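Residue-level structural notes
These are the residues of each chain, in order.
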Amino acid sequence: MADMMGVVNLDSEYDFLQELTYFRCGAAVPFAGRYRLIDFTLSNMCNAGIRDIAVFTRNKYRSLMDHLGTGAEWDLDRKRGGLFILPPDWNDPTDVSKGDLQHFHNNRDFFSRGSSQYVCVSGSQFVSNIPLHEAFRHHLQTEADITLITKTFPTLEEEHRNCLKTEHDEYGWVTALTNDKTNPAVFSGMYIIGKRLFLDLVEECISRGKENLFHDGIKNNLDKLHIQTYQHEGYAAVVNSLESYYKHNMRLLDPEKYRELFFSDHVVYTKIKDEPPVKYNSHIEVKNSLIANGCVIKGEVENSIIFRGVKIDHGAKVKNSIVMQRCHIEEGAVLEDVIIDKDVTVSKNRMIIGAKEQPYAIAKRSTI
């Protein structure tokens, strides 16, 4: 799909995961045992053939840059095009742009140098494996100005309350964008737009002193734009709170949901780390868990997600928990309904108990 470029706009994604975003932006938060939240967005774009992708980020982007590197894992380390990580660079004293319009305005060269005539814009809070090439085909066939990618959830949950919802007619044309808490048609934050229209909306919003491209340029101009919807039918999860992060990680312990997300026709790519297989000591008990490579398991693990390089000592018990990279759970420690960030040590015989509705989170590099 050489005629579309991608933008991962992280400007409006605040530190919504509490302890997990003390030292990183939300897009860099680990997910599902070996991935980061941004991996799903980048993989969707790359699987659709997009080869020019810009990542607009404002705060705490060191971890994100370390994870993305040159973009090799997504086949974006290219002589022409590829991955562009574009932190804020506001050096022009005459620049009057605000909000995420600063990114779009001050990185106009990214758009003008690209040959693509369409732009796909997305955030990182919508975890899915979307056939983006089909959405683009739908956009072209309907001759829409903009196509919004949506998901209709059979049951609305707490994380959907703050999401925009779409209302549309029988032909898929959007008639309203609302915060109606009873509407199951959730906007994913991903949309396709013609590049010329995109740049015109950026300039118009800046000239009017606006701050947000989607809300001020698109949502407030529904009567002037022809906006279509593309309905995603596969797995999708909105991760915009610590509770939703915990819940959707735990749901991937269901083999059916795991296969739906990771075993479709499109691969989810992430940074490769060469580590040995998991080492299980004899006479241990592991039930219904995802355990990444490089771990040493000497204790008990049940209904948990264990990331790479974790050590769980003899007599330790981990249940209904998420333990991230290189943590050490010492002998006799007990964890239940807990999220532990990277490089944490839980000392001998410590007991940490949270709740499914409100898991207990521990920031990275802590010793408990």
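Please refer to the structure placed before this passage.
Described below are features of the structure shown in this document. (Residues numbered from 1 in each chain as written. Predicted model: local features only at pLDDT ≥ 70, side-chain atom pairs only at ≥ 80, totals over all residues. Heavy atoms only, no water.)

**A short note on the overall build of the chain**
When helices and strands are tallied, the chain shows nine helices and 28 strands. In terms of C-alpha radius of gyration, the chain reaches 21 Å, essentially the compact-globule figure of 21 Å for 368 residues. For the chain, the spread of C-alpha atoms along the principal axes amounts to about 65 × 45 × 35 Å. Taking all 368 residues of the chain together, 54% fall into the buried category. Expressed as a percentage of contacts within the chain between residues at least 6 apart in sequence, the contacts between residues at least 24 apart total 58%. Carbon and sulfur atoms make up 46% of the accessible area of the chain, which amounts to about 16,600 Å² in all. Between the averaged position of the 44 positive side-chain charges in the chain and that of its 51 negative side-chain charges there is a distance of 5 Å. (Helix = DSSP H or I, 4+ residues; strand = E, 2+ residues; numbered from the N terminus. Rg over C-alpha atoms; globule rule 2.2 N^0.38 Å. Buried < 20%, exposed > 50% of the residue type's maximum accessible area, 1.4 Å probe, protein only. Contact = heavy atoms within 4.5 Å. Areas by Shrake-Rupley, 256 points an atom, 1.4 Å probe, with all protein chains shown as cover. Lys, Arg positive; Asp, Glu negative; His and termini not counted. Charge placed at Lys NZ, Arg CZ, Asp CG, Glu CD.)

**Brief notes about the side chain of threonine 229**
With respect to the helices and strands, the residue threonine 229 is situated in strand S12 (residues 227-231). Accessibility expressed as a relative area gives 10% for threonine 229, which makes it buried. Setting aside chain neighbours within four positions, we find threonine 229 in contact with His138, Thr147, Leu148, Thr150, Thr166, His168, Gly172 and Val174.

**Some words on the pattern of salt bridges**
Per the stated rule, a full pass over the model turns up 15 salt bridges. Where arginine 58 meets aspartate 11, a salt bridge forms, and the shortest distance between an N and an O atom there is 2.5 Å. Pair noted here: arginine 58 is in the loop between strand S4 (52-56) and helix H2 (62-68) and aspartate 11 is in the loop between strand S1 (4-9) and strand S2 (30-31), with a separation of 47 residues, a long-range link. Given the relative accessible area of 24%, arginine 58 is considered partly exposed. With a relative accessible area of 14%, aspartate 11 lands in the buried category. Notably, a salt bridge pairs aspartate 341 with arginine 24, separated by 2.9 Å at the nearest N-O pair. (Salt bridge = Lys/Arg side-chain N within 4 Å of Asp/Glu carboxyl O.)

**A few points about the side chain of serine 304**
Among the secondary structure elements, serine 304 is positioned in the loop between strand S18 (300-302) and strand S19 (305-306). The exposure class of serine 304 is buried, given its relative accessible area of 0%. Of note is the side chain of serine 304, whose polar atom sits 3.2 Å from the backbone nitrogen of asparagine 320. Residues in contact with serine 304, not counting those within four places in the same chain, are Leu253, Asn288, Ser289, Leu290, Val318, Lys319, Asn320 and Ser321. (Polar contact = N/O pair within 3.5 Å; in protein donor to acceptor, adjacent residues only side chain to side chain.)

**Focus on the packing of aromatic side chains**
In this structure the tally under the stated criterion is 17 aromatic pairs. Ring centres of phenylalanine 111 and phenylalanine 198 lie 5.0 Å apart, and the angle between their planes is 50°; this geometry places the pair in the tilted category. Of this pair, phenylalanine 111 sits in helix H4 (residues 108-113) while phenylalanine 198 sits in helix H6 (residues 195-207), and the two are 87 residues apart along the sequence. Looking at phenylalanine 111, the relative accessible area reads 0%, which means it is buried. A relative accessible area of 1% means that phenylalanine 198 is categorised as buried. Residues tyrosine 258 and phenylalanine 263 carry aromatic rings whose centres are separated by 6.1 Å and whose planes lie at 50° to one another, so their mutual orientation is tilted. (Phe/Tyr/Trp six-rings, centres within 6.5 Å; stacked < 30°, edge-to-face > 60°.)

**With respect to helix H5 (residues 132-142)**
Those residues of H5 that sit buried are Leu132, Ala135, Phe136 and His139. Seen from one end, H5 has its buried residues packed into an arc of 100°, which puts them on one side. On its buried face, H5 sits against S1, helix H1 (37-47), strand S6 (118-122), strand S8 (146-152), strand S11 (185-194) and S12. Of the residues one or two after H5, glutamate 143 is the one with positive phi, at around 55°. (Arc of directions from axis to C-beta.)

**Re the sheet that holds strand S22 (residues 322-323)**
Spatially, S16-S19-S22-S25-S28 is the arrangement adopted by the five strands of the open sheet, whose pairing is parallel. The open sheet has two edge strands, strand S16 (290-291) and strand S28 (360-362), and neither has a second partner. Sheet analysis places S16 next to S19, joined by two bridges and oriented parallel. Directly across from isoleucine 291, in S19, lies its bridge partner isoleucine 306. (Pairing = 2+ DSSP bridges.)

**With respect to unusual backbone geometry**
With glycine set apart, most residues show a phi of negative sign, and most peptide bonds adopt trans. The backbone of asparagine 320 sits at a positive phi, close to 50°, despite the residue not being glycine. By the element assignment, asparagine 320 lies in the loop between strand S21 (317-319) and S22. Judged by relative accessible area, which is 7%, asparagine 320 ranks as buried. Even without being glycine, arginine 365 reaches a positive phi, approximately 60°. The residue arginine 365 is located in the segment after S28 in this model. On the accessibility criterion, arginine 365 (52% relative accessible area) is exposed.

**Thoughts on the sheet that holds strand S27 (residues 351-353)**
The five strands lie next to each other as S15-S18-S21-S24-S27, forming an open sheet whose pairing is parallel. Edge positions in the open sheet fall to strand S15 (285-287) and S27, since each of these has one partner strand only. With direction set aside, neighbouring strand axes in the sheet form an average angle of 5°. Across three bridges, S15 lies against S18 in parallel orientation. (Axes fitted to C-alpha atoms, helices over the stretch in contact; angles between N-to-C directions.)

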